[in-house]
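So you can see what is in the structure, the chains are spelled out below.
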Amino acid sequence: MTEPIASRPGDDVSTSAPDSDPRPTLAVWKFASCDGCQLSLLDCEDELLSLADAVHIAHFTEMSRATITGPYDVSLVEGSITTSADARRIRQIRDSSRRLVTIGACATAGGIQGLRNFAASGEYVRTVYAHPEYISSLDTSTPIAEHVEVDFELHGCPIDRHQLLEVITATLAGRRPVIAGHSVCQECKGRGTVCLLVSEGIACLGPVTRTGCGALCPTVGRGCFGCFGPAETTNTPSLAAHLRRQGMAAVDVSRLFRTFNASAPAFLDESVAQGGSLPVTRRVAFGADDPEEVS
Amino acid sequence: MTHGSHPPRVISVEGLSRVEGEGSLRVEVRDGTVMDVALEIFEPPRYFEALLVGRHFTEAPDITARICGICPVAYQMSACAAMEDACGVTVDEHVGRLRRLLYCGEWIQSHALHIYLLHAPDFLGCADAVELAQRDRVAVERGLQIKRTGNLVMETVGGRAVHPVNVRVGGFYRAPDPASVRALIEPLRRARDAALTTVEWVAGFEFPDVTGDYRFVALRDGDRYAIERGRPASSDGLDVSPAEFADLVVEEHVARSTALHARLEGKDPYLTGPLARYALNGEKLSPMAAEAAGRAGLSPVCTNPFQSIVVRAVELVLACDEALSLAESYTPPDPPALTLTPRAGVGTGATEAPRGLLFHQYEIDGSGIIRWARIVPPTSQNQLTIEADLRRVAQDAIELGDDELRWRCEQSVRNHDPCISCAAHFLDIKVVPS
């Protein structure tokens, strides 16, 4: 349970939490990602020091060289699983965490790097690196929940910092976070934003995308491009048919669904229905827990 | 490997903290001499140059923003510049000024983050800013206030602080309304005052006496401190277009790193970032930033890497000052964006990310589909120089005990604000003594 977690940041200066500290412990972990969701925690400028008073930030490499060994009350996990070492590390983190919350599109849906799931095996590594043999990386980028049990998933690319504070507060209080699962479309209706899809024929994923951003794109006259992934209930075929009727090519509709949440089931299915390539997970028979690495 | 009677002294940091992304450091010392240093990058690769192939040229700003959550605007701006270059267009002055305002917001946010939350704790012997706040809450709150203002600028112009949504190839989706930009003026005045206090604060830190031998590379942009555009220039006389520069940069793939190492003309390593920009563009600082640099005792060229925190603070004054003047003179661009017609060809875009020069190069076809992509982030370009610094700093501090030497080595890496997420597409610090 308190076994050090692989050779990752901060482990060189780890100590145990003093028994006298009554505060709950919070750990922040990174996998394949851009750091933007962790940054959202540091972007809570008004709340950061109060949060650090209320919880013991026990492991957060981006912020501190000090770290304490687990178990942790709450772990926030950013990023997707793209190496077999990371597939092992997330299991250790799960074992050391009472509650595990994933944050962001990488952790909840594989992220933009999940586009490799649709490519031919080894194609990406050969494109970027002169010596593919130096690189140890899986053919897939997968969400955390495909590897371990997750207590709550917070969506977004990036996550919204106010939602993050709600999730931390609720999780520490032992209640379910209050995070809306309806669509960006409903958010626009509530705000009285004129519908871009209907009035201007602009391609918009608002009808099928989870709210959380505050319907930012339509307010700047831009169609939603799906940062928060699928809403709780979606009708992607209906939206796709509408876009096709407006004259959008199938390949463009498929591409619209294939960005930061390309492997989220509702988006994945529709991108395939529009002629996009199958993901590697649907091309091979069920394999072992640790798929072979590309090298 | 061991050929003496004693094993080597090895100082290692398995995971480097207070940097963006994942890496480690290793220094091997034998008989009081640093034998080998390595900055290892184990951030898993994310294959951006591969996943961009087949995408539409208008998608590059939003996709490449996801390389780095700390400097997404830098990625968006370099991508836009490259695509506009490919299409043979130049944006008008009002779009250019709005881009510079947005970019200043990112510099303010990123520099305040690095100075107060990532770097200052090293100089004051604190593990992190939370410990620092227990000693000097006023200082940390000042840093957070500046950072908040940077985010406010990005939210106002870009719609969101992390991965802004309002940027498009050719300009912006919507020009922010004048009242919202005017509302930035007061917070920016306060942030500029706080930035001036920051320069005084960091100038009072104790700096190890280290002199680097740097080949500086930064953009130059007429009489302005280059940020969102410019021509690559070096301290030894290079002055080329972004496309010519891209041809000169050779990237090597080495076993210990998922980041590629960049060399210029296949020769010596070089350094981009605040020290380089200050050395090459120092005379173009705003009067207030130049005065602050003078009061802080900075000479026209600063070669002590530990003093990069002072230079970064001077740039913080500059960014606040620039943003303030851009906000005061704001005229909404009309139209907010040019409509681009793709044409087959190659385009290059170079801008100054907070931590150094970032260039993108793309080939697109006549229908606007990306055929290949090349993205060279500042940390890839700086990695060899960061290792050279590490060797020098470790050798100079060789008499320190292991724990202190380890910390000094970490600090040496943090001097350059490396972004591992960007570079791996970064670093593992291990120190070995004898």
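Asks: It is not clear to me how the overall build of chain B should be interpreted in this structure. Could you clarify?
Replies: When helices and strands are tallied, chain B shows 15 helices and 13 strands. Dimensions of chain B, computed from C-alpha atoms along their principal axes, come out at roughly 70 × 45 × 35 Å.

Asks: Honestly, the overall build of chain A in this entry has me stumped. Any pointers?
Replies: A count of helices and strands for chain A gives 13 helices and 9 strands. Sequence-distant contacts in chain A: of pairs separated by 6 or more residues, those separated by 24 or more amount to 74%.

Asks: Before we go on, may I ask you to explain the interface of chain A and chain B in this structure?
Replies: A common way to express how large an interface is: the accessible area buried when the components associate. Every contact between the two is made by 54 residues of chain A and, on the other side, 50 residues of chain B. In terms of residue count, helix 1 (residues 36–42) of chain A provides more of the side of chain A that touches chain B than any other element does, 5 residues in total. For the side of chain A that touches chain B, the per-class residue count stands at 27 nonpolar, 13 polar and 14 charged.

Asks: In this structure, what is going on with the sheet that holds strand 2 (residues 25–30) of chain A? I would like to understand it.
Replies: Paired through backbone hydrogen bonds, the strands of a sheet run either parallel or antiparallel to each other. Residue and element names in this part refer to chain A. What the 5 strands build is an open sheet, ordered 3-2-5-6-8; its pairing is parallel. The open sheet has two edge strands, strand 3 (56–60) and strand 8 (152–154), and neither has a second partner. Between one strand and the next, the sheet's axes are offset by a mean angle of 20 degrees, whatever the strand orientation. Bridge count for strand 6 (residues 97–103) against strand 8 is 3 bridges, and the pairing is parallel. When the bridges of strand 8 are listed, Ile103 appears paired with Leu154. Against the sheet, helix 3 (residues 84–95) engages strand 2, strand 5 (72–78) and strand 6, with an angle of about 130 degrees to strand 6. Running at roughly 165 degrees to strand 8, helix 6 (residues 161–173) makes contact with strand 5, strand 6 and strand 8 of the sheet.

Asks: Even after reading the chapter, I still don't get the domain arrangement of chain A, so can you show me in this structure?
Replies: Residue and element names in this part refer to chain A. Entries for chain A in the domain assignment read domain 1 (11–173) and domain 2 (184–276). Centre-to-centre separation of domain 1 and domain 2, based on C-alpha positions: 27 Å. With 15 residues of domain 1 at the interface, the matching set in domain 2 holds 14 residues. Looking at the side of domain 1 that touches domain 2 element by element, the count peaks at 3 residues for helix 4 (residues 105–109).

Asks: Even after reading the chapter, I still don't get unusual backbone geometry, so can you show me in this structure?
Replies: One can expect most non-glycine residues to show negative phi and most peptide bonds to be in trans. Note that the residue after Cys157 of chain A, namely Pro158 of chain A, is joined by a cis bond; omega there is 10 degrees. Residue placement: Pro158 of chain A occurs in the loop between strand 8 and helix 6. The residue after Asp334 of chain B, namely Pro335 of chain B, is reached through a cis peptide bond having omega 0 degrees. Relative to the elements of secondary structure, Pro335 of chain B occurs in the loop between helix 12 (308–328) and strand 10 (345–353). Unusually for a residue other than glycine, Asp35 of chain A sits at a positive phi of about 80 degrees. Mapping Asp35 of chain A onto the fold places it in the loop between strand 2 and helix 1. Of note, Ala215 of chain A is a non-glycine position whose phi angle comes to about 50 degrees, a positive value. Here Ala215 of chain A is to be found in the loop between helix 8 (196–199) and helix 9 (216–219).

Asks: Which parts of the structure should I look at to understand the packing of helix 10 (residues 274–281) of chain B against helix 12 of chain B?
Replies: In helix packing, the relevant descriptors are the interaxial angle and the interaxial distance, both defined with respect to the helix axes. Residues and elements named next belong to chain B. At their nearest, the axes of helix 10 and helix 12 sit 9 Å apart, and the two run at 65 degrees to each other. Seen along the crossing, helix 10 lies across helix 12 with a hand that is left-handed. Residues Pro274, Leu275 and Tyr278 of helix 10 lie in contact with helix 12, whose contacting residues are Ser308, Val311, Arg312, Val314 and Glu315. Residue classes in the contact of helix 10 with helix 12 are distributed as 5 nonpolar, 1 polar and 2 charged.

Asks: Got a minute to help me understand the sheet that holds strand 11 (residues 356–364) of chain B in this structure?
Replies: All names here are of chain B. Pairing is antiparallel across the open sheet formed by 3 strands, whose spatial order is 10-11-12. Each edge of the open sheet is held by one strand with a lone partner, namely strand 10 and strand 12 (370–376). Ignoring which end each strand starts from, the neighbouring axes of this sheet average 15 degrees apart. In terms of strand pairing, strand 11 meets strand 12 through 6 bridges, oriented antiparallel. By the bridge assignment for strand 12, Gln361 is matched with Arg374. Strands strand 10, strand 11 and strand 12 of the sheet are contacted by helix 13 (residues 378–396), whose axis makes an angle of about 130 degrees with strand 11.

Asks: Before we go on, may I ask you to explain helix 11 (residues 287–295) of chain B in this structure?
Replies: Residues lying three or four places apart along an α-helix face the same way, a consequence of the helix completing one turn every 3.6 residues. Residue and element names in this part refer to chain B. All of the buried residues in helix 11 are Ala289, Ala292 and Ala293. Buried residues of helix 11 fall within an arc of 100 degrees about the axis and therefore sit on the same side. Buried positions along helix 11 lie against helix 8 (185–203) and helix 12. Following helix 11 by one or two positions, Gly297 adopts a phi angle in the positive range, close to 80 degrees.

Asks: Sorry if this is basic, but what is going on with the confidence of the model for chain B here?
Replies: Interpretation of this model should avoid reading the predicted coordinates in detail wherever pLDDT is low. Residues and elements named next belong to chain B. Looking at chain B as a whole, the pLDDT averages 91, with 94% of positions reaching at least 70. When the criterion is pLDDT under 50, residues 425–434 qualifies, and its contacts beyond four places in sequence or with other chains add up to 81 contacts. Prediction confidence for the complex, expressed as pTM and ipTM, is 0.93 and 0.92 respectively.

Asks: Got a minute to help me understand helix 3 of chain A in this structure?
Replies: All names here are of chain A. Helix length check: helix 3, at 12 residues, gives a terminal C-alpha distance of 17 Å against a target of 16 Å (1.5 Å per residue), a fit within 8%. Of the positions making up helix 3, those classed as buried are Asp86, Ile90 and Ile93. Summarising the axial view, the buried residues of helix 3 lie within an arc of 60 degrees, below the 170-degree limit, and thus occupy one face. Considering only its buried residues, helix 3 is in contact with strand 2, strand 5 and strand 6.

Asks: Honestly, the packing of helix 6 (residues 137–158) of chain B against helix 8 of chain B in this entry has me stumped. Any pointers?
Replies: Residues and elements named next belong to chain B. It is the contact of helix 6 with helix 8, at a shortest axis distance of 9 Å, that shows an interaxial angle of 135 degrees. Classified by the angle their axes make, helix 6 and helix 8 are oblique. For the pair helix 6 and helix 8, the sense of crossing is left-handed. For the pair helix 6 and helix 8, the contacting residues are Ala139, Arg142, Gln145, Ile146, Thr149 and Leu152 in the first and Pro187, Leu188, Ala191, Ala194, Ala195, Thr197 and Trp201 in the second. For the contact of helix 6 with helix 8, the residue count by class is 9 nonpolar, 3 polar and 1 charged.

Asks: What exactly am I supposed to notice about the environment of Ile202 of chain A here?
Replies: All names here are of chain A. Mapped onto the elements of the fold, Ile202 is located in the loop between helix 8 and helix 9. For the pair Ile202 and Gln186, spaced 16 residues apart in sequence, the C-alpha to C-alpha distance is 17 Å. Those residues in contact with Ile202, other than ones at most four positions away along the chain, are Leu196, Leu197 and Gly223.

Asks: Even after reading the chapter, I still don't get the pairing of strand 5 of chain A, so can you show me in this structure?
Replies: The side chains of a regular strand alternate between both faces of the sheet. Residues and elements named next belong to chain A. With 6 of its 7 residues buried, strand 5 lies for the most part within the structure. The pairing of strand 2 with strand 5 spans 5 bridges and is classified as parallel. Across the sheet, Lys30 pairs through a bridge with Glu78, a residue of strand 5. Judged from the 6 bridges that link them, strand 5 and strand 6 form a sheet pairing that is parallel. Across the sheet, the residue bridging to Glu78 is Ile103, located in strand 6.

Basis of the calculations
- Residues numbered from 1 in each chain as written.
- Chains lettered and ligands numbered in written order.
- Predicted model: local features only at pLDDT ≥ 70, side-chain atom pairs only at ≥ 80, totals over all residues.
- Helix = DSSP H or I, 4+ residues; strand = E, 2+ residues; numbered from the N terminus.
- Contact = placed C-beta atoms within 7 Å.
- Nonpolar A, V, L, I, M, F, W, Y, C, P; charged D, E, K, R; others polar.
- Pairing = 2+ DSSP bridges.
- Axes fitted to C-alpha atoms, helices over the stretch in contact; angles between N-to-C directions.
- Domains from an automatic or database assignment.
- Left-handed = near helix turned anticlockwise from the far one by under 90°.
- Buried ≥ 20, exposed ≤ 12 C-beta atoms within 10 Å, placed from the backbone.
- Arc of directions from axis to C-beta.
- pLDDT = per-residue confidence, 0-100.
- Expected span 1.5 Å × (residues − 1).
- Parallel < 35°, antiparallel > 145°, perpendicular 65-115°, else oblique.

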